[in-house]
Amino acid sequence: NTTYNMDIKINSYNYTHTSAQWAMGLPFQIESFGHFFACDEYFTEREKLSSYLLIYTKSGRGSIFYEGNELTATKNTVVLINCMKYQYYKTNSHDCWEFMWLHIGGTAIGYYCNLINEDQANVIDVGENAEVDNIFDKIFLLTTTGSDNADIKFSNYVTALLTEIILCKKRNTREFKYLSHKNEI
């Protein structure tokens, strides 16, 4: 079941992609993709959707209620959630919440979600990351222009994107540990 209020600006968009049958064994498939400029009344509430949702916040702020926790998505952060579980997310600012999103399936997405989130969902700060922006641009371009090799390219782009997110998480954790250690000395 899904309940939503699509209070989004006219320049928002979304695309749906249907993978070829042969691509079902790939590590990742992009099922849908979008870029929303979500206004005050925007929200989505759902569960039992067989995909994973990656939300990349470009500006503004959103609240994501997932696994009994409230996560705050702010500029340059990423959240990855399993849509089989209950989730509710909404704009949490008077300004628009601008975010790009991917619904991802595939044979490896569950494993990568566990790598990124470990015990619970995390908000990952990716900073001013040209690589993340570049990958989203490639996905958008491929979605809008099409290609005979779209499925394999999508899988490659998602691999690169999730790898970059994991590296950012490790970098952030290492910096935190370094600062904590430095303060103890």
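Just so you know, these numbers come straight off a predicted model, no measurement behind them.

The biggest cluster of nonpolar side chains holds 32 residues, and the ones touching the most others in it are Leu-54, Leu-102, Phe-136, Leu-162 and Ile-165. Among the elements that make up this core, the one with the highest residue count is helix H3 (residues 150-184) (9 residues). Excluding residues that lie within four positions of it along the chain, Ile-165 makes contacts with Leu-54, Val-78, Ile-116, Ile-124 and Val-126. If you look at the next biggest cluster of nonpolar residues, it comprises 17 residues, including Leu-53, Tyr-66, Val-79 and Ile-81.

Under the definition given, this model contains 0 disulfides. The closest cysteine sulfur to the non-disulfide-bonded Cys-96 is located on Cys-39, 3.5 Å from its own sulfur. Taking relative accessible area as the criterion, Cys-96 reaches 19% and is therefore assigned buried.

Sheet topology places strand S6 (residues 62-66) next to strand S7 (residues 69-73); 5 bridges connect them, and they run antiparallel. Bridging across to S7, Phe-65 finds its partner in Glu-70. Hairpin remark: S6 followed by S7, antiparallel, with 2 residues in the connecting loop; positive phi at Glu-67, about 55°.

Moving on to helix H1 (residues 109-117). Three or more residues of H1 are buried, namely Ile-109, Tyr-112, Cys-113, Ile-116 and Asn-117. All buried residues of H1 fall inside an arc of 120° around its axis, so they share one side. Among the exposed residues of H1, those pointing more than 90 degrees away from its buried face are Tyr-111 and Asn-114. Glu-118 sits one or two positions beyond H1 and adopts a positive phi of about 55°.

A separate point is the sheet that holds strand S4 (residues 43-46). Strand pairing within a sheet occurs via backbone hydrogen bonds; the two strands may be parallel or antiparallel. Pairing is antiparallel in the open sheet, where 5 strands are placed in the order S1-S4-S9-S6-S7. Of all strands in the sheet, those with a lone pairing partner are strand S1 (2-5) and S7, marking the two edges. For this sheet the average axis-to-axis angle between neighbouring strands, irrespective of direction, equals 10°. Taken together, the 4 bridges between S1 and S4 define a ladder with antiparallel strand orientation. When the sheet's bridge partners are listed, Asn-5 is paired in S4 with Phe-43.

This brings us to helix H2 (residues 130-145). Its 16 residues place the ends of H2 22 Å apart at the C-alpha level, agreeing with the 22 Å of an ideal helix rising 1.5 Å per residue. Turning to H2, its buried residues are Val-132, Ile-135, Phe-136, Ile-139 and Leu-142. Seen from one end, H2 has its buried residues packed into an arc of 125°, which puts them on one side. Projecting away from the buried face of H2 at angles above 90 degrees are the exposed residues Ala-130, Leu-141 and Thr-145.

For the rest of this paragraph, the subject is the sheet that holds strand S10 (residues 97-105). The strand order across the open sheet built from 6 strands is S2-S3-S10-S5-S8-S11, with neighbouring strands paired in antiparallel fashion. Both outer strands of the open sheet, strand S2 (13-16) and strand S11 (124-125), are each paired with one neighbouring strand and no more. Across 4 bridges, S2 lies against strand S3 (residues 29-38) in antiparallel orientation. Each residue of the ladder has a partner; that of Thr-16, found in S3, is Ser-32. Its contacts with the sheet put H1 on strand S5 (52-59), strand S8 (77-82), S10 and S11, and the angle it makes with S8 is roughly 130°.

All right, on to the packing of aromatic side chains then. Within this structure, the stated rule accounts for 17 aromatic pairs. Pairing Phe-28 with Tyr-112 gives two aromatic rings, centres 5.2 Å apart and planes at 80°, and the pair type is edge-to-face. One end of the pair, Phe-28, is in the loop between S2 and S3; the other, Tyr-112, is in helix H1, and 84 residues separate them in sequence. The burial state of Phe-28 is the same as that of Tyr-112; both residues are buried. Following the ring pairs from residue to residue traces out a cluster consisting of Tyr-13, Tyr-15, Phe-33, Tyr-56, Phe-136 and Phe-140.

Reading guide: rules and limits
Residues numbered from 1 in each chain as written. Predicted model: local features only at pLDDT ≥ 70, side-chain atom pairs only at ≥ 80, totals over all residues. Heavy atoms only, no water. Core = buried A, V, L, I, M, F, W, Y, C linked by side-chain atoms within 4.5 Å. Buried < 20%, exposed > 50% of the residue type's maximum accessible area, 1.4 Å probe, protein only. Helix = DSSP H or I, 4+ residues; strand = E, 2+ residues; numbered from the N terminus. Contact = heavy atoms within 4.5 Å. Disulfide = S-S within 2.5 Å. Pairing = 2+ DSSP bridges. Arc of directions from axis to C-beta. Axes fitted to C-alpha atoms, helices over the stretch in contact; angles between N-to-C directions. Expected span 1.5 Å × (residues − 1). Phe/Tyr/Trp six-rings, centres within 6.5 Å; stacked < 30°, edge-to-face > 60°.

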